[in-house]
Amino acid sequence: MTDQKQCTVVRTGSYQGVQGGTFATGISAQSAGAQALCLHQLVMPAGSRGRPHLHEGHESAIFIQSGHVEVWHGPDLTEHVTLHAGDYIHIPADTPHLPVNTGDQDMTCLVARTDPQEQEGVRLLDLPAWLATHIGPLTIGNG
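Residue numbering note: each chain is counted from 1, following its sequence as written. Residue-level local features of this predicted model are given only where pLDDT is at least 70; pairs of side-chain atoms are given and counted only at 80 or more, and the full residue set underlies all totals for whole chains, interfaces and linings. Working from all heavy atoms in the structure, the side-chain values ignore hydrogens and water.

**Concerning a nonpolar patch on the surface**
To be explicit about the condition: Each patch is built from residues lacking any salt bridge and having more than 30% relative accessible area; the joining distance is 9 Å for like charges and 5 Å for nonpolar side chains (Val, Leu, Ile, Met, Phe, Trp, Tyr). Each accessible area is a Shrake-Rupley estimate made with a 1.4 Å probe; only the visible protein chains count as cover when residues are assessed. Think of a salt bridge as a Lys or Arg side-chain nitrogen and an Asp or Glu carboxyl oxygen that are within 4 Å of each other. The helix and strand labels rest on DSSP assignments: H or I over at least four residues marks a helix, E over at least two residues marks a strand, and numbering proceeds from the N terminus.
A surface patch of nonpolar side chains, amounting to about 230 Å² of accessible area, comprises L37, L39 and L110. Within the secondary structure layout, L37 lies in the loop between α1 (29–32) and β3 (38–44).

**Re the pattern of salt bridges**
What counts here: When a residue's accessible area, from a 1.4 Å probe over protein chains only, is under 20% of the maximum for its type it is buried; when over 50% it is exposed; and in between it is partly exposed.
According to the stated counting rule, one finds one salt bridge in the structure shown. The residue R123 makes a salt bridge to E56 at a minimum N-O spacing of 3.3 Å. In this pair, R123 is assigned in strand β12 (residues 122–124) and E56 in the loop between β5 (53–55) and β6 (60–66), connecting sequence segments 67 residues apart. Among the residues examined, R123 registers a relative accessible area of 39% and is labelled partly exposed.

**Some remarks on unusual backbone geometry**
You will see that D76, though not glycine, has its phi angle at about 60 degrees, which is positive. Inspection of the secondary structure assignment puts D76 in the loop between β7 (68–73) and β8 (79–84).

**Some remarks on the sheet that holds strand β2 (residues 22–24)**
To be explicit about the condition: Strand pairing requires that DSSP identify at least two bridges connecting the strands. For helices, the fitted axis covers only the stretch in contact; all axes are lines through C-alpha atoms, and the angles between them, taken along N-to-C directions, range from 0 to 180 degrees.
The six strands are arranged β1-β2-β3-β11-β6-β9 in an open sheet whose pairing can be described as antiparallel. Two strands in the sheet have a free side with no partner beyond their single neighbour: β1 (14–16) and β9 (88–91). Going across the sheet, the axis of each strand differs from the next one's by a mean of 25 degrees, ignoring polarity. Where β6 and strand β11 (residues 107–113) come together, six bridges link them in antiparallel fashion. Across the sheet, S60 pairs through a bridge with R113, a residue of β11.

What follows is the structure in structure tokens.
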């Protein structure tokens with residue numbers, strides 16, 4: 001007889017991501033026993049930014065639910081895109097990126113990643129001096 005797998009419902013909880021922002025507990029290895037993915041909701045307060053980071057060996061897909069966010073990405077974070085509600089972005093594995101919410105409302109998005117451990121693959125990076133000057137003294141978005 002084979003073991004039957006069961007569905008898992010996750011209803012509450014949140015945590016502060018090391019990369020900035022408040023994440024809903026969502027689906028991960030820790031919350032649901034996921035083996036190859038995680039799915040979380042992220043809220044980034046208005047006037048805040050994340051920390052420059054990458055996800056070692058794992059890609060991400062993000063859907064902007066509300067608000068807008070600037071994403072600086074690529075080597076030395078020289079590439080730039082602004083995302084609005086309804087937009088998606090794919091971030092390849094090992095790609096440096098930095099979300100910045102310069103708006104006057106919180107940005108909320110769904111984040112799917114191929115890392116079921118969520119935070120273990122996060123590697124923080126230094127903020128390039130040129131970008132620190134450009135984006136100004138925004139707070140790290142940890143609620």
